[in-house]
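# Structural features, examined
One letter stands for each residue in the lines below.
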Amino acid sequence: MSHNGVALRAVTRSAVFLTAGALAVTALSGCSSEDKGSKPLAEQDIAPAARDRVADGGTLHWAVDAVPETLNTFQADADATTTTVAQAVLPSMYRLDANGRPQINPDYLESAKVVETGPKQVVLYKLNQQAVWSDGREIGAADFAAQWRALSGKDSAYWTARNAGYERIEKIERGANDLEVKVTFARPYADWRSLFSPLYPKDVMGTPDSFNDSARKKLKVTAGPFQVKKVDRKGEEITLTRNPRWWGHPAKLNEIVLRAVPRDERATALAVGSIELAEVGPEALGRISLAARTAATPGGSPVAGPGGRPAHPSGSNLGAADALRSWALAHKDDEEAADEELSASQKKRRALAAYAREQAALKGYEVRRSLEPAYTQLALNGASGPLADERVRRAVARAIDRKALAGVVLKPLGLPAVPVGSHLALSGQDAYADNSGALGGQDAKEARALLADAGWVPGGPVEKEKKKGDKAAGTSGHKAERDSADGDDGTYIVGEDDKSDDKDPRDRRSSGDGPRHLAQDGKQYANKLKQGGAPGAYAPKGTAAPADAATKVLAKNGKALALRFVLPSGPGSGPLRTVAGRISAMLEKVGIRTEISKVSDESYFKDHIASGQYDLALYSWPASAFPATDARPIFAKPVPAADGSLNVEQNYTRVGTDQVDQLFDQAVATLDEGKSRSLIRKADARIWAAAGSIPLYQRPQLTAVKKDVVNAGSFGFQTPVYEDMGFLKKGAKPAAGPTGH
């Protein structure tokens, strides 16, 4: 998933998986005694340049994952490219700064503030008098009212993804003049700044038919520095062109072309010049860095490197043979076929020539690095099986070295390897505080004690395991396709041997089925704080950790403690599988076996994560500037539906508590920003204590960019300023910054 800065708020927060994605605190306070603002772990990297250094004109070709199914961000099938288009062509009352915090957008707003709190909350917007739609009509109260009615949830004819916040509005009316919009809320709403960003014209929002259909394929009326010129689905690209009615700083670029390019083809697309900007993975980073190092040394070979020595950036360590091999692997289906390719001398020469040509072309690019406004987590399905026991979930969490896992992913990329300390915000955002102490840091001894307290003992009798297709520990599942090359049953079980190193296990698939039931309701947490964390975060005093627990499989009631670890099998999921391998090795050391099950990327989320067919999984959540609104459905306690099924909203771990729900409800209804922030941090501490989700690291953001492109790249939190993007004037230089890794 691509993040071009984080959207102001998630209409539907999309979970994504990585594809290129402590000390105890006092009680459950959710924050330290000092409430100091945090800073982003990494700066944005966009080669900033003043507008007078940017040339007028030109077209920027920008790689995206796909042409979106809809241009309406409020529909369920909206994606990251939908957000990119909306940011460039539609009004947003607020935009995010470099810390991920909302700031008034002066192109549309002169001011916005709460003018009354009783008996009803009233917000008064004063609009920029120059703000007009591309058809010449002024932006005004009619547009605000149409969007409220469409998203209020009162008319089911509107096919909306979510109406959070809009359902709290009682009425919208014109203020003292046409430039004022007065919004009255039926119930207090702390996250009112999340509303009307983006704002669609009343032509789109006015009727269900126009909402459902008119903005899916085109946007006739816009109000940004760019407007939609063409959506070419056959050619898989969207062309944005300058808006002649734009009243702000005129766009430097004539056009932005958003072109769908698969991630594994982007290095080649950059080399042939069909794109100038693309998010890439570590392999492309290695190739572009090698090209830069070769160019910096006279006589350097694009394969062997300067002076004939192996050349590749730190973390890649690719020499001449490895570089050629990486080319062959990129053009073949498997390693064996790649070896056959390398064995033919004629093809080898062709490969070298093709690789050298591409490497020569890549000298004109650099990779700009930052951290995405999203974090990768280990999800523990608490619906049934061993992980329904909170002691087992906490044992899993205590067995994991989150700092080491962050290092595996981020250190080779030159990015800060700091574990994420919150489920609800990232470092730099207002609500961020490291609340991981509510659960506790890595402690293998404590993990074994928790397992012993839960009844899992080493070396106990284990019933003979059923053959493939039978039950995995705890959760049911669709049978995954087998990918075993040597004719075994397609499942690799970490812990069946006595090895306890950190080598990655072989990836295999397994399947299973089993019953499902509600997760714990959280009542056991109330007024039972202990050792600086939630009760149960530590085993009862006096529970001994068995000395041989690290080398023997744990068992209970004749069943071994084995957890099904579901992973995507796609070519871009290598980093994720590496992390999963490290986690499996860490769990093995405390006696927990993991069954690695690889499934197709297409079915990974829909058929496994969303449907609960897993024990352990890795996927990511984007950050939100408004966690009280956007994070609630992710961590809300699942409730039974009328048909007997479980309504989990977006809580795919099925772990929730009444206390967390209540804290979210209080935070979203509190207009005191400090109090609301404190409530969010308390909610986060309780989420940590429940151990359904273990945040690991902020996702890396690597953007390959032509060297003369400025004000674009890895945006981090900040909303891109599309009108400032462009190409440097001849002889000009960008401002000093982190660019140029």
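The text that follows walks through the structure, step by step, so that each part is easy to find. Everything numeric in this text was worked out from a predicted model, so none of it was measured.

Take the pattern of salt bridges next. All told, the structure shown has 23 salt bridges when counted by the stated rule. Salt-bridge contacts for Asp65 lead to Arg266; the nearest nitrogen and oxygen are separated by 2.9 Å. Here the residue Asp65 occupies a position in the loop between strand S1 (59-64) and helix H1 (80-89), and Arg266 occupies one in helix H5 (residues 266-272), the gap between them amounting to 201 residues. What makes Asp65 partly exposed here is its relative accessible area of 37%. On the basis of relative accessibility, which here comes to 1%, the residue Arg266 falls in the buried class. For Lys637, the salt bridge goes to Asp658, with nearest N and O atoms at 3.3 Å. Of the two residues, Lys637 sits in the loop between helix H16 (632-635) and strand S20 (639-640) while Asp658 sits in helix H17 (residues 658-668), which places them 21 residues apart along the sequence. Overall, Asp658 belongs to the partly exposed group, its relative accessible area being 24%. Look at the salt bridges and you will find they share partners, linking Asp65, Arg263, Arg266 and Glu279 into a network.

Using the criterion set out here, one finds 20 aromatic pairs in the structure. Seen from their ring centres, Trp62 and Tyr722 are 6.2 Å apart, and the 25° between their planes marks the pair as stacked. With Trp62 in strand S1 and Tyr722 in the loop between strand S23 (709-710) and strand S24 (726-727), the pair connects residues that are 660 residues apart, well separated along the chain. With relative accessibility at 2%, the residue Trp62 sits in the buried group. Among the aromatic residues, ring-to-ring pairing joins Phe74, Tyr94, Tyr125, Phe144, Tyr166, Trp192, Phe196 and Tyr200 into one connected group.

By volume, the second largest cavity is sized at about 80 Å³. With three residues, the top contributor of residues to the lining of the second largest cavity is helix H18 (residues 673-690). Looking at the lining of the second largest cavity residue by residue, the classes come out as five nonpolar, six polar and one charged.

Here the focus is H17. Within the span of H17, buried status applies to Gln659, Val660, Asp661, Leu663, Phe664, Ala667 and Val668. Structurally, H17 contributes buried residues whose contacts are with helix H15 (627-630), H16 and H18.

Next up on the list: the sheet that holds strand S15 (residues 554-556). Pairing is antiparallel across the open sheet formed by three strands, whose spatial order is S13-S15-S16. Edge strands, defined here as strands with exactly one partner in the open sheet, are strand S13 (457-458) and strand S16 (559-560). Pairing of S15 with S16, which is carried by two bridges, proceeds in the antiparallel orientation. Among the inter-strand pairings, Lys556 is bridged to a residue of S16, identified as Lys559.

So, about unusual backbone geometry. It is generally the case that most residues other than glycine have a negative phi and that most peptide bonds are trans. A cis amide bond, omega 0°, links Gly118 with the succeeding residue Pro119. Locating Pro119 in the fold gives a position in the loop between strand S4 (109-116) and strand S5 (122-127). Residue Pro198 is reached from Ser197 by a cis peptide bond, and omega for that bond is 5°. Positive phi, normally seen in glycine, also occurs at Ala47, with a value near 50°. By relative accessible area, Ala47 is classed as buried at 3%. Positive phi, close to 60°, is recorded for Phe196, a residue that is not glycine. We classify Phe196 as buried; its relative accessible area is 0%.

Once that is clear, we can look at the sheet that holds strand S6 (residues 169-174). Each strand in a sheet pairs with another by means of backbone hydrogen bonds, the pair being arranged parallel or else antiparallel. Within the open sheet, the four strands sit side by side as S4-S5-S7-S6. Their pairing is antiparallel. The sheet is open, and its two borders are formed by S4 and S6, each paired with just one other strand. Taken pair by pair, the neighbouring strands of this sheet meet at an average axis angle of 15°, ignoring direction. Bridging between S5 and strand S7 (residues 180-185) involves five bridges; their strand directions are antiparallel. Looking at the pairing, Lys126 lines up with Glu180 of S7. This element, helix H2 (residues 141-151), spans S5, S6 and S7 of the sheet and lies at about 160° to S6.

Among the ten residues in H1, nine count as buried, and that is most of the element. Of the residues making up H1, those classed as buried are Ala80, Thr81, Thr82, Thr84, Val85, Ala86, Gln87, Ala88 and Val89. Residues of H1 that are buried make contact with S1, strand S8 (226-232), strand S9 (237-242) and strand S10 (255-260). Looking at where H1 begins, the residue whose side-chain oxygen comes 3.1 Å from the main-chain nitrogen of Thr81 is Asp79.

So, about the pairing of strand S19 (residues 616-622). Burial analysis of S19 places seven of its seven residues in the buried class, which makes it a mostly covered element. Because side chains alternate across S19, one face comprises the buried residues Leu616, Leu618, Ser620 and Pro622, and the other comprises Ala617, Tyr619 and Trp621, equally buried. Pairing between strand S12 (residues 365-380) and S19: seven bridges, direction antiparallel. Within S19, the residue paired with Ala379 across the bridge is Ala617. Pairing of strand S17 (residues 562-568) with S19, which is carried by two bridges, proceeds in the parallel orientation.

Procedures and definitions
Residues numbered from 1 in each chain as written. Predicted model: local features only at pLDDT ≥ 70, side-chain atom pairs only at ≥ 80, totals over all residues. Heavy atoms only, no water. Salt bridge = Lys/Arg side-chain N within 4 Å of Asp/Glu carboxyl O. Helix = DSSP H or I, 4+ residues; strand = E, 2+ residues; numbered from the N terminus. Buried < 20%, exposed > 50% of the residue type's maximum accessible area, 1.4 Å probe, protein only. Phe/Tyr/Trp six-rings, centres within 6.5 Å; stacked < 30°, edge-to-face > 60°. 1 Å grid on protein atoms, 1.4 Å probe; cavity = no way out; pocket = protein on both sides within 12 Å on 5 of 7 lines; lining within 4 Å. Points joined across faces, edges and corners; volume = space filled by probe spheres on them. Nonpolar A, V, L, I, M, F, W, Y, C, P; charged D, E, K, R; others polar. Contact = heavy atoms within 4.5 Å. Pairing = 2+ DSSP bridges. Axes fitted to C-alpha atoms, helices over the stretch in contact; angles between N-to-C directions. Polar contact = N/O pair within 3.5 Å; in protein donor to acceptor, adjacent residues only side chain to side chain.

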